[in-house]
Amino acid sequence: MFSKILIANRGEIACRVIRTARRMGIKTVAVYSDADARAPHVELADEAVRLGPPPAGESYLKADLIIEACKATGAEAVHPGYGFLSERASFVEALEAAGIAFIGPPANAIAAMGDKIESKKLARDAGVNVVPGYLGDIATTDEAVTIAADIGFPVMMKASAGGGGKGMRLAWNEQDVRDGFEATKREGLASFGDDRVFIEKFIESPRHIEIQLLGDKHGNIVYLNERECSIQRRHQKVVEEAPSPFVTPEMRRAMGEQCVALARAVGYHSAGTVELIVSGADTTGESFYFLEMNTRLQVEHPVTEEITGLDLVEQMIRVAAGEPLAFTQHEVQLNGWSVETRVYAEDPYRGFLPSTGRLVRYAPPKAGKNGEARVRVDDGVRQGGEVSMFYDPMIAKLVTWGPTRESAIDAQVEALDGFDIGGISHNVDFLSALMQHPRFRSGEITTGFIAEEYPEGFTGAPLDDTLTADLSALAAFIGTVHESRALLIDQQLGSPSPAAREHVVRLDGGAEHHVRFTLDKVVVDGGEPLAFEADYTPGQRLLRARIGHRSRIVLVEKQGRSLKMTTRGGSHRVTVMTPRVAELARHMIEKVPPDLSRFLLAPMPGLVTRLHVAVGDKVEAGQAIAVMEAMKMENILRAEKSATVKATPVGAGESVAVDQVIVEFE
């Protein structure tokens, strides 16, 4: 066994690997860029080595610097995590040449599976189902149009070296191919240095299901059940669960055996994942097809760990050290259900625009047992740290386990309510809304779920009458606490009045509710008195309460005279008033927000790569005005209405901040 390993990564996955290595008695070495000098993974490791400036190309992607760090610290092996150098065959070869072990698969397997075109040919030859498509080089847009028509629309255009949702375009007709082929080539070249594109049939009502594999250097390969990863946005996974609510034992066995055959064909060892696209419309379960093989640890590996009881990082380390697997296929467990949600620094209320900056507040929910469920938080950030523009915007992974799918989902909803994140935007509300969505809970999901259920964007989870009543009761309780504290202020004029036991609570939208407290009961709008139990101190952010038989966790933020209350996937502005103040407030004039429709504002921080208009140009609604690049993705900014360009404060090649004016209209 190794005595010291280096983790060639950062963030939550680096912390994750370090924790397992420490439990195994193995010393660890962290590497970092200048942006991560004070990051948690640096402090968690036994040693740390600086690589270089913040850009990944000058630090985490420099194989020679990683090897130098190994030699300087005496690290015998490297765990690559995911991303960065994890699937680069040349890195594995360089490590081998330096006498350093790679905790991952052999270089030839990485090379074989890294090219999406060649990997599909290998899969086909190994007897794995493949999606109908064209796997040769496509030189021109006209050629792409002809090939797409021969396959039959709809088709998917994909960058050969793509991954992570980048370099993919769906085409429903010839015009879509003409519009998207060159953009797909550009994204492939910008993100992966390879502009080759292939085209394949798009499977309608698709589900994204993947098989986790684990093999050793002695020829033993097993599959560790499947993961359902169909909840995606722009081809990037948002929610994963294991097992899949769609997969039957017969499907699991057929998928697993085909994926093992593919791994065996390329001499695979270590952890790896075969991604499959499955037709949800085919109830026979026979319509599953090979997408790609990820020759590394997956972001979503914790859900597999939760249902099998295995530590995949430990298994990877043991395999790299030459140990055989300690179990056979028949001994692989499938116990209960696990769900993972990815907490990202992005704003779901503004089209999921990335958010970077300082984590002014960060307090995740408590990990451990919660009744019959378990809660696990994998993160690599801390309060006061920075979510950098240079790297993936992930804040944390929330993983829950329960004996049933419903219990694991319920644990997610409660745990998501327990996050307190401030200073940047995040997607916790959106994740909670997904967990509560009736269609998700039914298991009838496809990769189009988010686009189909939120076609106009996300505005928060819907309020029901019960939640409205509970929020009103909690807001009135907070109001009473604040009033009681105000009574303690010394040297007030006149005799202080006791804190009111009755309040009118106004929620955003104008709805009002009358709340009255009687001893340990609360009555909302004259309804049934409910037992009420809560503890709150002014300034406290997370309020935990029990109303009747329901438990509530609400994030409370004071905003002027109002409260912002966040729970169950929605944020609500609430005003608490005495009945007399509420009566007078109805006569107050509301402030009208300014009209910003004459400006084209930057929806995110990024680089303006192209500006299609000049002063004096007339534009129509929907016309492309500018192109921005953010997170290596192109974003087309369009006019909202017909107008004439008055000014262009920003030109092509300039970096902009969020909400910065790019174009002003007359």
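Since the model is a prediction, treat every value here as computed from it, not as a measurement. What you see as residue numbers is a count from 1 along each chain, following the sequence as written. A pLDDT threshold of at least 70 governs which residues receive local features in this predicted model, and a stricter bar of 80 or more applies before side-chain atom pairs are shown or counted, although totals over entire chains, interfaces and linings include all residues. Where side-chain values are given, they derive from all heavy atoms of the structure, hydrogens and water being excluded.

It is worth spelling out the sheet that holds strand β35 (residues 618-619) at this point. Strand pairing requires that DSSP identify at least two bridges connecting the strands. The numbering of helices and of strands both runs from the N terminus, where a helix is a DSSP run of H or I of at least 4 residues and a strand a run of E of at least 2. Spatially, β33-β40-β38-β35 is the arrangement adopted by the four strands of the open sheet, whose pairing is antiparallel. Looking at the sheet topology across the chains shown, the edges are occupied by β33 (599-601) and β35. Across two bridges, β35 lies against strand β38 (residues 643-647) in antiparallel orientation. Of the residues in β38, the one forming a bridge with K618 is T644.

Take the packing of aromatic side chains next. Pairing of aromatic rings covers Phe, Tyr and the six-membered ring of Trp, with a centre-to-centre limit of 6.5 Å; geometry is then stacked below 30 degrees between planes, edge-to-face above 60, and tilted otherwise. Scanning the entire structure with this criterion turns up 14 aromatic pairs. Taken together, a centroid distance of 5.6 Å and an interplanar angle of 80 degrees make the contact between Y60 and Y391 edge-to-face. With Y60 in the loop between β3 (47-52) and α3 (63-73) and Y391 in the loop between β22 (386-387) and β23 (394-402), this pair connects stretches of sequence that are 331 residues apart. Each member of the pair, Y60 together with Y391, is buried. Each member of the aromatic cluster is reached from another via a ring pair, and the members are Y349, F352, F430, Y454 and F458. Think of it as a cone above the ring: NZ of Lys or CZ of Arg counts as a charge over the ring if it is within 6 Å of the ring centre and within 35 degrees of the ring normal. Directly above the ring of W401 sits R374, whose terminal nitrogen or CZ lies 4.3 Å from the centroid. Lying across the ring of F440, R405 places its NZ or CZ 4.8 Å from the centre. Burial classification: accessible surface area is computed with a 1.4 Å probe over protein chains only, and a residue below 20% of its type maximum counts as buried, one above 50% as exposed, and the rest as partly exposed.

Residues I231, Y362, I395, I421, L434 and M435 are the most contacted members of the largest nonpolar core, which totals 38 residues. Those elements giving two or more residues to this core turn out to be β12 (236-242), β15 (337-344), β21 (373-379), β23, α12 (405-417), α13 (428-436) and α15 (449-453). Here this core gets six residues from one element, more than from any other, and that element is α13. Counting 33 residues, the second largest nonpolar core, distinct from the first, contains I5, V17, I18 and Y82. Remark: nonpolar core denotes a set of buried residues (Ala, Val, Leu, Ile, Met, Phe, Trp, Tyr, Cys) joined through side-chain atoms within 4.5 Å.

Let us now look at helix α16 (residues 465-486). Structurally, the α-helix is built with 3.6 residues per turn, so residues lying three or four positions apart point the same way. When the terminal C-alpha atoms of α16 are compared, their 32 Å separation across 22 residues agrees well with the 32 Å that a helix rising 1.5 Å per residue should span. If you check the start of α16, you find a side-chain oxygen 3.2 Å away from the backbone N of T466, and it comes from D464. How far a helix is expected to stretch is found by multiplying one less than its residue total by 1.5 Å. As used in this structure description, the phrase polar contact means that two N or O atoms lie within 3.5 Å; if the pair is within protein, one of them must be able to donate a hydrogen and the other to accept it, and residues adjacent in sequence are counted only when both atoms belong to side chains.

With antiparallel pairing, four strands are arranged side by side in an open sheet as β37-β36-β34-β39. Strands with a single pairing partner mark the edges of an open sheet, and in this sheet they are β37 (633-638) and β39 (655-656). Relative to β39, strand β34 (residues 606-611) runs antiparallel, the two being bridged by two bridges. Across the sheet, G606 pairs through a bridge with V656, a residue of β39.

Time to look at the pairing of β21. Counting buried residues along β21, six of its seven residues qualify, which places the element largely inside the surrounding structure. Sheet topology places strand β20 (residues 368-370) next to β21; three bridges connect them, and they run antiparallel. Residue pairing across strands places G368 opposite V375, the latter belonging to β21. The antiparallel pairing of β20 with β21 creates a hairpin that spans two residues between the two strands, and G371 there sits at a positive phi of about 70 degrees. Bridge count between β21 and β23: six bridges; the pairing is antiparallel. Residue pairing in the sheet places D379 in a bridge with A396 of β23.

Let us now look at the environment of V145. By the element assignment, V145 lies in helix α7 (residues 141-151). Relative accessible area serves as the criterion here: at 8%, V145 is assigned to the buried category. Along the sequence, V145 and R361 sit 216 residues apart, while their C-alpha atoms lie 51 Å from each other. Any two residues having at least one pair of non-hydrogen atoms within 4.5 Å are treated as being in contact. Aside from chain neighbours lying at most four places away, what touches V145 is E174, V177 and R178.

In this analysis, axes come from line fits to C-alpha atoms, helices being fitted only over the stretch in contact, and the angle between any two N-to-C directions falls in the range 0 to 180 degrees. Two numbers describe how α7 lies on helix α8 (residues 174-192): the axes approach to 9 Å, and their chain directions differ by 135 degrees. In terms of their interaxial angle, α7 and α8 are classed as oblique. Our pair here, α7 against α8, has a crossing hand that is right-handed. Facing T141, D142, A144, V145 and A148 of α7, the residues of α8 in contact are E174, V177, R178, F181 and E182. Geometric relationships in this document are graded by angle, where less than 35 degrees denotes roughly parallel, more than 145 denotes roughly antiparallel, 65 to 115 denotes roughly perpendicular, and other angles denote oblique. Handedness of a crossing is defined here by the sense of rotation of the near helix relative to the far one, left-handed for an anticlockwise turn of less than a right angle and right-handed for a clockwise turn.

Orientation of helix α5 (residues 107-114) relative to helix α6 (residues 116-125), taken along the N-to-C sense of each, is 100 degrees, at an axis distance of 5 Å. Judged by the angle between their axes, α5 and α6 are roughly perpendicular. Facing A112, M113 and G114 of α5, the residues of α6 in contact are K116, E118, S119 and L122. Following the grouping adopted for this structure description, the nonpolar residues are Ala, Val, Leu, Ile, Met, Phe, Trp, Tyr, Cys and Pro, the charged ones are Asp, Glu, Lys and Arg, and the polar ones are all others, Gly among them. When grouped by side-chain class, the residues that make up the contact of α5 with α6 number three nonpolar, two polar and two charged.

The omega angle of the peptide bond from F153 to P154 is 0 degrees, so this bond is cis rather than trans. Summarising the element assignment, P154 is placed in the loop between α7 and β7 (155-163). Backbone torsion omega between A242 and P243 reads -5 degrees, so that peptide bond is classified as cis. With respect to the helices, strands and loops of the structure, P243 is situated in the loop between β12 and α9 (249-265). In this model, H235 sits at a positive phi of 70 degrees, which is unusual for a non-glycine residue. Mapped onto the fold, H235 is located in the loop between β11 (221-233) and β12. Relative accessible area serves as the criterion here: at 32%, H235 is assigned to the partly exposed category. Phi is positive for D659, which is not a glycine, with a value near 70 degrees. Here D659 is to be found in the loop between β39 and β40 (661-665). Classification of D659 by relative accessible area gives partly exposed; the value is 40%.

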